[in-house]
Amino acid sequence: MTHPKPLPRKIIIDTDPGQDDAVGILLALSSPEIEVLGITAVAGNVPLALTVKNARKVCEVAKRGDVLVFAGCDKPMAQPLVTAEHVHGKSGLDGIELPDPTMPVQDKHGVDFIIETLRSEPSGTVTLCPMGPLTNIATAFDRAPDIIERVQEIVLMGGAYFEVGNITPAAEFNIYVDPEAADIVFKSGVKLTVMPLDVTHKALVTQERLIPFKDMGHVGEVVLGWMDFFERFDIEKYGSAGGPLHDPTVIAYLISPDMFKGRFINVEIETMSELTRGMTVADWWGVTDRAPNAMFMGDLDADAFFDLLTDRIATL
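Counting of residues starts from 1 at the beginning of each chain's written sequence and follows it residue by residue. Whole-chain, interface and lining totals are the exception, using all residues; otherwise, since this is a predicted model, local features are given only for residues with pLDDT of at least 70 and side-chain atom pairs are given and counted only at 80 or more. Where side-chain values are given, they derive from all heavy atoms of the structure, hydrogens and water being excluded.

**Here we look at the side chain of Thr 193**
What counts is decided by this rule: Secondary structure counts use DSSP, requiring at least four H or I residues in a row for a helix and at least two E residues in a row for a strand, with both numbered from the N terminus. We call two residues in contact whenever any of their non-hydrogen atoms come within 4.5 Å of each other.
Within the secondary structure, Thr 193 is located in strand β6 (residues 192–195). Setting aside chain neighbours within four positions, we find Thr 193 in contact with Glu 153, Ile 154, Val 155, Leu 156, Tyr 253, Met 295 and Met 297.

Here it is, written out as C-alpha cells:
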C-alpha cells in the first residue's frame, strides 16, 4: 500500500536579509516539503528598502521570480531601528555583486499579507518563519488578534541563553532590535519553536563544509561569496573555526526536526532594563513556576544540517 505524500508545509518567511537569511530562503525554495506562500521583509540587519531588495535578489538567484515579496514594517514598535551593517556590509548582502532585482514588490503591506493569508488559509495550516526582528508578526497579532489561534506554529531564529548576547552582553540581535514585538509573540500562546544562538553557534561554516558549494555553478559561487564575507566578522569576534549560520536552522527544522534537541520551557523577554533589554530569559533549569511557552533548542547535528543545505541548494 502506498502512502500519499504529505502535502508541503505552507510557510510565510519573515526576514531581513542578511547573508544567513538568504541561505535560509534558498533552502526553503529548494525543498519540496515546503510551500513558500510569500516573503515579508522587515527592517533589521539593514533598513527596510534594502531588506526588500535583498529578498528579491535571493529569489532571483534561485530563479524564482514568481515568489510574492512584500515590504513590511520599517521600524520597531517602540524604539529607533538598530541595524547591523558591521556584520552584513552596507548592502546587507555583501560578498558578491548581484544585479538589481527585476521582479516586483507586491503593493500590499507585509503585515496585511500575513493577516489576510492567516484568515484565508484553513486554520492551523500556515507556519510563520521569522528570521529577523519580530515587528511584522507582532504588529499583525496586535491588529488582528483573531489570526493568533489560526497559526500552525512559529519557528523563529532569535534569542540566546547559554551563549548570551551578540549585540549587547545580554541580548541577541533579532530580539534586541524589537523587544516589545518579541514580548507580544512569546506571550501569544502560539506553538513556538526557537532557534537561539545556543543552537546556531553549533552550525559553524568551516572550510570543509564549504567545499561542496564550489561545484554548484552560479548558486554555489553566490553562497560562497556570502559566507566568506559573513564569516570574516564572526571569526574575528568569536575566534571559532567558522561563522555560525543562524537563520537556515529555521527551515532545516521544518524539513528535519530530528536534527535538533531542546527543551519545552518558559521564555520571557526583558523589555524594561537598560542593562539586559532584549534578553531572552530562558528557564532552562525549571527554577520558576512560569508556564512553558517555547520549545527552546539547545543542540543540533551540524553535519546533517550542512548535508541538507548542500543537497538542496545544489538542485537550484
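Picking up where we left off.
**What to know about the nonpolar core**
For clarity, the cut-off: Buried Ala, Val, Leu, Ile, Met, Phe, Trp, Tyr and Cys residues form a nonpolar core when they are joined through side-chain atoms within 4.5 Å. When a residue's accessible area, from a 1.4 Å probe over protein chains only, is under 20% of the maximum for its type it is buried; when over 50% it is exposed; and in between it is partly exposed.
In this structure, Trp 226 and Ile 251 are the most contacted members of the largest nonpolar core, which totals 56 residues. With seven residues, the single largest contributor to this core is helix α1 (residues 19–29). Residues in contact with Trp 226, not counting those within four places in the same chain, are Gln 19, Ala 22, Val 23, Leu 26, Val 58, Leu 93, Asp 94, Gly 95, Ile 96 and Leu 98.

**Overview of a nonpolar patch on the surface**
Quick note on the threshold: Each patch is assembled from residues with relative accessible area greater than 30% and no salt bridge, linking like charges that lie within 9 Å and nonpolar side chains (Val, Leu, Ile, Met, Phe, Trp, Tyr) that lie within 5 Å. For the area figures, the Shrake-Rupley method with a 1.4 Å probe applies, and any residue is considered shielded solely by the protein chains shown. Note on definitions: salt bridges are taken to be side-chain nitrogens of Lys or Arg within 4 Å of carboxyl oxygens of Asp or Glu.
There is a patch of nonpolar side chains on the surface, built from Phe 162, Trp 285 and Val 287 and spanning about 400 Å² of accessible area. Note that Trp 285 resides in the loop between β11 (280–282) and β12 (294–300). We classify Trp 285 as exposed; its relative accessible area is 57%.

**What about the pairing of β12?**
The condition is simple: Whether two strands pair depends on DSSP finding at least two bridges between them.
In terms of burial, β12 is largely enclosed, as five of its seven residues are buried. Bridging between β6 and β12 involves two bridges; their strand directions are parallel. Bridging from a neighbouring strand, Thr 193 pairs with Met 295 of β12. Relative to β12, strand β9 (residues 260–265) runs antiparallel, the two being bridged by six bridges.

**Side note on the environment of Glu 163**
Put simply, the rule is: Here a polar contact is taken to be a pair of N or O atoms separated by no more than 3.5 Å, where protein atoms must pair a possible hydrogen donor with a possible acceptor and residues adjacent in sequence count only if both atoms sit in side chains.
Relative to the elements of secondary structure, Glu 163 occurs in the loop between β5 (151–157) and α6 (173–177). Assessed through its relative accessible area of 33%, Glu 163 is described here as partly exposed. A C-alpha to C-alpha distance of 9.0 Å links Glu 163 and Val 199, two positions 36 residues apart in sequence. Those residues within four positions of Glu 163 in sequence are excluded, and the remaining contacts are Leu 197, Asp 198 and His 201. There is a polar contact of 2.7 Å between the side chain of Glu 163 and the side chain of His 201.

**What to know about the environment of Ser 31**
Among the secondary structure elements, Ser 31 is positioned in the loop between α1 and β2 (34–41). Sequence-wise, Ser 31 and Pro 122 are 91 residues apart; in three dimensions their C-alpha atoms are separated by 22 Å. Non-local contacts of Ser 31, meaning those with residues more than four positions away in its chain, are made with Ile 255 and Arg 312. Here Leu 27 takes part through its backbone oxygen, which lies 2.7 Å from a polar atom of the side chain of Ser 31.

**With respect to the pairing of β5**
Threshold: The handedness rule is simple: strands pointing away from the viewer, and a clockwise path from the first strand over the helix to the second, make the crossover right-handed.
Taken across its seven residues, β5 has six buried, putting it largely inside the fold. Sheet topology note: the strand β4 (residues 126–130)/β5 ladder contains three bridges and is parallel. Note on β5: the bridge partner recorded for Val 126 is Val 151. This β-α-β element, β4 to helix α5 (residues 135–143) to β5, shows right-handed connectivity. As defined by bridge partners, β5 adjoins β6 across four bridges and the pair is classed as parallel. In the strand pairing of β6, Leu 156 is matched with Val 194.

**A look at the packing of helix α4 (residues 110–120) against α5**
Note the cut-off: All axes are obtained by fitting lines to C-alpha atoms, using only the stretch in contact for helices, and the reported angles, taken between N-to-C directions, cover 0 to 180 degrees. Throughout, the term roughly parallel applies to angles under 35 degrees, roughly antiparallel to angles over 145, roughly perpendicular to angles from 65 to 115, and oblique to all others. In a left-handed crossing the near helix is turned counterclockwise from the far helix by less than a right angle, and in a right-handed crossing that turn is clockwise. All residues other than Ala, Val, Leu, Ile, Met, Phe, Trp, Tyr, Cys, Pro, Asp, Glu, Lys and Arg, Gly among them, are scored as polar; the first ten of these are nonpolar and the last four charged.
Close contact between α4 and α5 brings their axes to 9 Å; oriented N to C, the two are set at 60 degrees. On the basis of the axis angle, α4 is oblique to α5. Pair α4 / α5 crosses with right-handed handedness. Across the interface between the two elements, Val 111, Asp 112, Ile 114 and Ile 115 from α4 touch Asn 136, Ile 137, Thr 139, Ala 140 and Arg 143 from α5. Here the residues of the contact of α4 with α5 are counted per class, giving five nonpolar, two polar and two charged.

**Here's the deal with unusual backbone geometry**
With an omega of 0 degrees, the peptide bond running from Pro 17 to Gly 18 counts as cis. Although it is not a glycine, Lys 63 sits at a positive phi angle of roughly 55 degrees. Along the chain, Lys 63 falls in the loop between α2 (48–61) and β3 (69–71). Given a relative accessible area of 66%, Lys 63 falls into the exposed group. One non-glycine residue, Val 164, lies in the positive phi region at around 45 degrees. Mapped onto the elements, Val 164 comes out in the loop between β5 and α6.

**Some points on the packing of aromatic side chains**
The cut-off we apply is this: Aromatic contacts are taken between Phe, Tyr and Trp rings whose centres are within 6.5 Å, Trp giving its six-membered ring; a plane angle under 30 degrees counts as stacked, one over 60 as edge-to-face, and the others as tilted.
This structure, assessed with the given rule, holds seven aromatic pairs. Seen in terms of ring centroids, Trp 284 and Phe 296 are 6.5 Å apart; in terms of plane orientation they differ by 65 degrees. Their pairing is edge-to-face. Here Trp 284, found in the loop between β11 and β12, pairs with Phe 296, found in strand β12; they are 12 residues apart in sequence, far enough to count as distant. Seen in terms of ring centroids, Phe 305 and Phe 306 are 5.1 Å apart; in terms of plane orientation they differ by 80 degrees. Their pairing is edge-to-face. Grouping residues by exposure puts Phe 305 and Phe 306 together as buried.

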